[in-house]
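Reading the structure
Listed here are the chains, written in short residue letters.
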Amino acid sequence: MFTKLRNNISQMQMIALGFFCIILIGTLLLMTPLASRAGTWTDFLTALFTSTSATCVTGLVVTNTYLHWSLFGQIIIITLIQIGGLGFITFGFGFSMFLRKKITLRQRGLLKESVNVVNTGGIVRLARLILQGTLLFEGIGALILTLCFLRDMPFSQALYYGIFHSISAFCNAGFSTLPGNLGNPLVMTGHNPFLIYISLLIILGGIGFPILVNFKDIVLHHLHIRKYALHTKIVLITSLLLIIGPSILFLILERHALFADMNTPQAILNALFCAVTPRTAGFNTTDIASLSQSSQLLTIILMFIGGCPGSTAGGAKVTTITVLILYLRSMLTRTDGVNIFKRRLEDEAVSKAAAVFTTHMLLAVAATFLISMQQDLDLTVIVFDVVSAVSTVGMSTGITPHLVPGAKVILILLMYLGRVGSLSFAMS
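Residues numbered from 1 in each chain as written. Predicted model: local features only at pLDDT ≥ 70, side-chain atom pairs only at ≥ 80, totals over all residues. Heavy atoms only, no water.

The next point concerns the overall build of the chain. Scanning the chain from N- to C-terminus turns up 21 helices and 2 strands. Burial statistics for the chain: of 428 residues in total, 52% are counted as buried. Partitioning the contacts of the chain with sequence separation of at least 6, the portion at a separation of at least 24 is 69%. Working note: accessible area of the chain is about 20200 Å², and carbon and sulfur atoms make up 68% of it. (Helix = DSSP H or I, 4+ residues; strand = E, 2+ residues; numbered from the N terminus. Buried < 20%, exposed > 50% of the residue type's maximum accessible area, 1.4 Å probe, protein only. Contact = heavy atoms within 4.5 Å. Areas by Shrake-Rupley, 256 points an atom, 1.4 Å probe, with all protein chains shown as cover.)

Per the counting criterion, the structure on display carries 1 salt bridge. For Arg151, the salt bridge goes to Asp152, with nearest N and O atoms at 2.9 Å. (Salt bridge = Lys/Arg side-chain N within 4 Å of Asp/Glu carboxyl O.)

Grouped together as the largest cluster of nonpolar side chains are 30 residues, with contacts concentrated most on Phe49, Ile371, Val386, Leu411, Leu414, Met415 and Tyr416. When residues of this core are traced back to their parent elements, those giving at least two are helix 2 (11–31), helix 3 (44–55), helix 18 (347–374), helix 19 (379–390) and helix 20 (405–420). It is helix 20 that contributes the most residues to this core, 9 residues altogether. When near neighbours in sequence (up to four residues on either side) are disregarded, Phe49 contacts Leu60, Val61, Val62, Thr400, Lys408, Leu411, Ile412 and Met415. (Core = buried A, V, L, I, M, F, W, Y, C linked by side-chain atoms within 4.5 Å.)

Looking now at helix 3. Turn by turn, an α-helix covers 3.6 residues, leaving residues three or four places apart pointing in a common direction. With 12 residues, helix 3 extends 16 Å from end C-alpha to end C-alpha; this agrees with the ideal 16 Å at 1.5 Å per step. Here helix 3 lies mainly inside the structure; 11 of its 12 residues are buried. For helix 3, the full list of buried residues reads Leu45, Thr46, Ala47, Leu48, Phe49, Thr50, Ser51, Thr52, Ser53, Ala54 and Thr55. With its phi angle positive at about 45°, Val57 sits one or two positions after the end of helix 3. (Expected span 1.5 Å × (residues − 1).)

This part is about the packing of helix 9 (residues 155–170) against helix 11 (residues 194–206). Direction vectors running N to C along helix 9 and helix 11 enclose 40°, while the axes themselves pass 7 Å from each other. If you check the angle between helix 9 and helix 11, you find them oblique. On the side of helix 9, the interface is formed by His165, Ser166, Ala169 and Phe170, while helix 11 contributes Phe194, Ile198, Leu201, Ile202, Leu204 and Gly205. (Axes fitted to C-alpha atoms, helices over the stretch in contact; angles between N-to-C directions. Parallel < 35°, antiparallel > 145°, perpendicular 65-115°, else oblique.)

Between its first and last C-alpha, helix 17 (residues 318–332) extends 21 Å over 15 residues, near the 21 Å set by a 1.5 Å rise per residue. Residues of helix 17 that are buried: Val318, Thr319, Thr320, Ile321, Thr322, Val323, Leu326 and Ser330. Residues of helix 17 that are buried sit in contact with helix 14 (230–254), helix 16 (293–305), strand 1 (339–340) and helix 18. Just past helix 17, the residue Arg334 takes up positive phi, approximately 55°.

Before going further, it helps to spend a moment on unusual backbone geometry. Here Lys317, not a glycine, exhibits a phi torsion of approximately 85°, which is positive. Note that Lys317 resides in the loop between helix 16 and helix 17. Backbone geometry at Arg334 places phi at a positive 55°, although glycine is not the residue there. Summarising the element assignment, Arg334 is placed in the loop between helix 17 and strand 1.

This part is about the packing of helix 3 against helix 20. Packed helix pairs are characterised by how far apart their axes lie and by the angle those axes make with each other. Relative orientation of the contacting elements helix 3 and helix 20 amounts to 20°, with a least axis distance of 9 Å. Taken together, the axes of helix 3 and helix 20 are roughly parallel relative to one another. Once helix 3 is placed against helix 20, the crossing between them reads as left-handed. Residues Leu45, Leu48, Phe49, Thr52, Ser53 and Thr55 of helix 3 form the contact with helix 20, whose participating residues are Pro405, Lys408, Val409, Leu411, Ile412, Met415, Tyr416 and Arg419. For the contact of helix 3 with helix 20, the per-class residue count stands at 9 nonpolar, 3 polar and 2 charged. (Left-handed = near helix turned anticlockwise from the far one by under 90°. Nonpolar A, V, L, I, M, F, W, Y, C, P; charged D, E, K, R; others polar.)

Before going further, it helps to examine a nonpolar patch on the surface. Taken together, the side chains of Leu143, Leu147, Leu150, Phe155, Leu159 and Ile163 make up a nonpolar region of the molecular surface, amounting to roughly 560 Å² of accessible area. Secondary-structure elements contributing two or more residues to the nonpolar patch are helix 8 (123–149) and helix 9. Note on Phe155: relative accessible area 52%, which makes it exposed. (Patch = residues over 30% accessible without salt bridge, like charges linked within 9 Å, V, L, I, M, F, W, Y side chains within 5 Å.)

Take the packing of aromatic side chains next. In total, this model carries 6 aromatic pairs according to the counting rule given. Note on Phe137 and Phe170: the rings are 6.0 Å apart at their centroids and 20° apart in plane angle, and the pair reads as stacked. You can see Phe137 sitting in helix 8 and its partner Phe170 sitting in helix 9, a full 33 residues away along the chain. Here Phe304 and Phe357 contribute two aromatic rings whose centre-to-centre distance is 5.4 Å and whose plane-to-plane angle is 75°, an arrangement assigned as edge-to-face. Here Phe304 is found in helix 16, whereas its partner Phe357 is found in helix 18, with 53 residues between them in sequence. Accessibility expressed as a relative area gives 9% for Phe304, which makes it buried. The exposure class assigned to Phe357 is partly exposed, which follows from its relative accessible area of 28%. A network of ring pairs unites the aromatic residues Phe149, Tyr160, Tyr161, Phe164 and Phe194 as a single cluster. Residue placement shows Arg37 over the ring face of Tyr66; its charged tip is 4.8 Å from the ring centre. (Phe/Tyr/Trp six-rings, centres within 6.5 Å; stacked < 30°, edge-to-face > 60°. Lys NZ or Arg CZ within 6 Å of the ring centre and 35° of its normal.)

Position of Leu242 relative to the elements: it lies in helix 14. Exposure remark for Leu242: the relative accessible area of 17% places this residue in the buried category. With 60 residues separating them in the primary sequence, Leu242 and Leu302 have C-alpha atoms 8.0 Å apart. For Leu242, the contacting residues outside a window of four places in its chain are Ala275, Arg279, Leu302, Ile305 and Val318.

Listed below in structure tokens is the structure:
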């Protein structure tokens, strides 16, 4: 019966069901007394919200990760983050490779859907490179962050903190075992380059596995952008623009406000981090609620855009926004077709981008309306948390723990849909 059911469901349905099962297992483990510092049972909704947020690499929390969860609970959370960041199909492939099992045609199809590539040709090699690359980047990140933490804590604790934050940053999860997230004094000291390393891990995790596994070819071509693949050109250029532009804007908007007590290097570093973390890491070094209205709006826009296809990041994706802007330009200039770098994009790419953007927007609008019906809150903070959830970011103005159960359930659904892919889930 199980075999018949497995053969009758699509690949996308299998992925959606797999994420659901992992979330459920994580919820049951987090409910146990072993998972809490107090040694008591955690209520179902809190455990479900945390498990969903970790598996969907979001970072929204209804309880403080440091204060509520024990070492066992934190290990469960970071395990869920690693599985969710890689995709459980890719994670399962790693075990099959370790056990030297043959990869079937159906498993190759699932891998293709999981890592968001066009065909199954070379998918096993790609998955192997993804696993090796993830281990390499997270390992180097853990080593560097451990050295940063060694200034203020014993080696064993520094090593644990380094591993946890390296995985959380590369997977764009946003969970932190520090009491005040990355606003902790251990991080914010001027001579500690912690934020630079975290930012690099976030960028590497959000730039997309296809770019990372072809990094060698990119280096060989040096700065000869013409020799890069079209996808690589779009991703690298738009990512660079979305880092530099917002960093300058945040520095201008907050230099005499939230960054007023910081010296110039610290202000620049925090402005850079404010531009990087909404796409879609979720860490914060400052009180989000203290940001100006214009800075909050800029953050919402960055969260909605998100990262790149085939990455650990969520959001509508930079390629989606780029294609739509190019389509708008072609309409305004009455150009035949959508062109970029002397290449014409297929009509299917434009249709898919429009579908993804519309689905993403409709989910955000519907969720905002439903939550505003249940609680009398400022519309800006509701929109902020809703976009954060559907884009799997994890940033919040602080209202998440105070939401009514119905609103928390809505955010749980948004995180799940945001990770599985709202359009893909609907098509399944």
